[in-house]
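Structural features, examined
The chain contents come next:
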Amino acid sequence: MFSCRSFLLLLLNVCSLTAPSLALPFEQRGFWDFAMDGELGDLTTVMMRDEEGSAVEELPPDVSLCPFGCHCQLNVVQCSDLSLTAVPMEIPRDTKLLDLQNNRITELKENDFKGLTNLYALSLVNNKISKVHPRTFAPLVHLKKLYFSRNLLTVIPKNLPPSLVELRIHDNRIKKVAEGTFSGLGSMNCIEMGGNPIQNSGFEPGAFKGLKLNYLRISESKLTGIPKDFPDSLHELHLDNNQIQAIELEDLSRYKHLYRLGLGFNHIRMIENGSLSYVPNLRELHLENNRLTRIPMGLPDMKYLQVVYLHSNNISRVDVNDFCPQRYGMKRSFYNGISLYGNPVNYWEVQPATFRCVGDRLAIHFGNYKK
């Protein structure tokens, strides 16, 4: 059972991607791990930081206005792990954080959130929701974070609040994203929708029209190629654990602002020469656990690339110019992570000059290959 403090920790991580990490490699993390990025102060401090300096009135909990079995304090209503089959009534109107995770709610009705105009974050994780009324979210004019993961949704709910910044809707049954699904959501910054059985054909043209996302993750799905119609504003794109076969020449041509690209645990055999030239600002490239037989061409031309994961492929040879440019001073940032372990390459045959643009020899990971 998650505590009120744990829930608040989760809500703080809004995928703010203002500046990518230049030191630590990206790690694929689970949903709840987003809560563990830093140490936080007391509840009042959390609320003040998370709402851009707004003050929170320190009042004792009003038990008379708290739904039965729930815990209410300082604009936070926690009703998790209560086996609820519907959204409880009599939720205080000044509620800003509402936690309904780990229940048995099957449907969201029109008036479930009536009067909750101050609600800032809503967690519905791990319920059994399969139906959402088109006007369910109409009262939530200040909602910024909606956590809808681990339910039974087959489509993304209609009429999401225009104020929404972060949507996490992974591990549902979504197979289609229709044109206009995200219409009017110009403030949206982060979408996490992995773990849905969606194929490339499930994205209608214009499905992401109008969005200016920084972060998009569609991992553990059924994609066989890199979709070409995602927002061109993306800084992070994570398509790990799909069925992608190759990176073709123009697959990345739309995504010139990418800092991180996650394509690990796919079936990639081929990366067409020149395809990586479309992402000149890339810092981290993840191609681990694929079927590559050679180092991708174009890495020496990537001036800012610092982390490249190539472990657990079928790479048997590493040439002296596979990673670094031939001319000194062409690379703006040295590598701080190159993983090549789990490949059939004889590391003792690799020339030391191959890694002349690596900041520290400890950043190179070889060995541990088993047939």
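From a predicted model like this one, the values you see are computed outputs, not experimental measurements.

Criteria and thresholds
- Residues numbered from 1 in each chain as written.
- Predicted model: local features only at pLDDT ≥ 70, side-chain atom pairs only at ≥ 80, totals over all residues.
- Heavy atoms only, no water.
- Helix = DSSP H or I, 4+ residues; strand = E, 2+ residues; numbered from the N terminus.
- Buried < 20%, exposed > 50% of the residue type's maximum accessible area, 1.4 Å probe, protein only.
- Areas by Shrake-Rupley, 256 points an atom, 1.4 Å probe, with all protein chains shown as cover.
- Polar contact = N/O pair within 3.5 Å; in protein donor to acceptor, adjacent residues only side chain to side chain.
- Contact = heavy atoms within 4.5 Å.
- UniProt positions renumbered as here; feature names shortened; annotations may be inferred.
- Lys, Arg positive; Asp, Glu negative; His and termini not counted.
- Salt bridge = Lys/Arg side-chain N within 4 Å of Asp/Glu carboxyl O.
- Phe/Tyr/Trp six-rings, centres within 6.5 Å; stacked < 30°, edge-to-face > 60°.
- Lys NZ or Arg CZ within 6 Å of the ring centre and 35° of its normal.
- Disulfide = S-S within 2.5 Å.
- Core = buried A, V, L, I, M, F, W, Y, C linked by side-chain atoms within 4.5 Å.
- pLDDT = per-residue confidence, 0-100.

**Brief notes about the overall build of the protein**
Check the secondary structure of the protein and you find two helices and 18 strands. Here the protein holds 371 residues, and 53% of them are scored as buried. For the protein, the exposed surface amounts to about 17,900 Å²; the carbon and sulfur share of it is 49%.

**A word on the side chain of N290**
Within the secondary structure, N290 sits in the loop between β15 (284–286) and β16 (307–309). In terms of polar contacts, N290 uses its side chain to reach the backbone amide nitrogen of H267, at 3.3 Å. Those residues within four positions of N290 in sequence are excluded, and the remaining contacts are L263, G264, F265, N266, H267, I268, S312 and N313.

**Some details on the UniProt feature "domain: LRRNT" (unreviewed entry) in the protein**
The UniProt record annotates "domain: LRRNT" (unreviewed entry) at residues 65–97. This span, residues 65–97, is 0% helix and 21% strand, and a straight line between its end C-alpha atoms measures 15 Å.

**Comments concerning the environment of S123**
For S123, the location among the structural elements is in strand β5 (residues 121–123). The buried category is assigned to S123, whose relative accessible area is 0%. A C-alpha to C-alpha distance of 5.7 Å links S123 and L100, two positions 23 residues apart in sequence.

**Describing the environment of V141**
Tracing the sequence through the fold places V141 in the loop between β6 (131–132) and β7 (145–147). Measuring from C-alpha to C-alpha, the distance between V141 and L164 comes to 8.9 Å, with 23 residues separating the pair along the chain. If sequence neighbours within four positions are ignored, V141 has contacts with T117 and S163.

**Some remarks on the side chain of R283**
With respect to the helices and strands, the residue R283 is situated in the loop between β14 (270–271) and β15. Nearest to the buried, unbridged R283 among oppositely charged side chains is E284, at 8.6 Å. Reaching out from R283, the side chain makes a polar contact with the backbone oxygen of N281 at a distance of 2.8 Å.

**Concerning the environment of L362**
Counting through the fold element by element, L362 comes out in the loop between β17 (337–339) and β18 (364–365). Among the residues examined, L362 registers a relative accessible area of 60% and is labelled exposed. Residues L362 and G337, spaced 25 residues apart in sequence, show a C-alpha to C-alpha distance of 8.4 Å.

**Quick look at the packing of aromatic side chains**
Scanning the model with the defined rule gives 12 aromatic pairs in all. Here the aromatic rings of F203 and F230 are separated by 5.7 Å at their centres, their planes lie at 90 degrees, and the arrangement is edge-to-face. Here the residue F203 occupies a position in the loop between β9 (190–192) and β10 (215–217), and F230 occupies one in the loop between β10 and β11 (236–238), the gap between them amounting to 27 residues. Side by side, F203 and F230 carry an identical accessibility label, which is buried. Put simply, the rings of F323, Y335, Y347, W348, F355 and F366 pair up and form one aromatic cluster. The ring of Y335 has K331 sitting right over it, with the charged end atom 4.3 Å from the ring centre.

**Digging into the state of the cysteines**
Tallied over the entire structure, the rule returns three disulfides. Through a disulfide, C66 is tied to C72; the S-S separation comes to 2.0 Å. Across the disulfide from C66 to C72, rotation about the S-S bond amounts to roughly 80 degrees, and the bridge is consequently right-handed. The exposure class assigned to C66 is buried, which follows from its relative accessible area of 15%. A sulfur-sulfur distance of 2.0 Å marks the disulfide that ties C324 to C357. Classification of the bridge connecting C324 and C357 rests on its S-S torsion, roughly -85 degrees, and on that basis the disulfide is left-handed. Of this pair, C324 sits in the loop between β16 and β17 while C357 sits in the loop between β17 and β18, and the two are 33 residues apart along the sequence. On the accessibility criterion, C324 (1% relative accessible area) is buried. Sequence-ordered numbering of the bonded cysteines in the protein gives a pairing of 1-3, 2-4, 5-6.

**Considering the nonpolar core**
L100, F113, L122, L146, F230, L299 and F323 are the most contacted members of the largest nonpolar core, which has 85 residues in total. Among all residues touching F113, those that are not within four sequence positions of it are V87, L98, L100, L108, L122, T136, F137, P139 and L140.

**As for the pattern of salt bridges**
This structure, assessed with the given rule, holds eight salt bridges. Notably, a salt bridge pairs K228 with D251, separated by 2.9 Å at the nearest N-O pair. Of the two residues, K228 sits in the loop between β10 and β11 while D251 sits in the loop between β12 (246–247) and β13 (260–262), which places them 23 residues apart along the sequence. Salt bridges linked by common partners bring E236, R260 and E284 together as one network.

**Comments concerning the confidence of the model for the protein**
With 82% of its residues at a pLDDT of 70 or more, the protein has an overall mean of 86. Counting contacts from residues 12–63, a segment whose pLDDT is below 50, to residues more than four positions away or on other chains yields 107 contacts.

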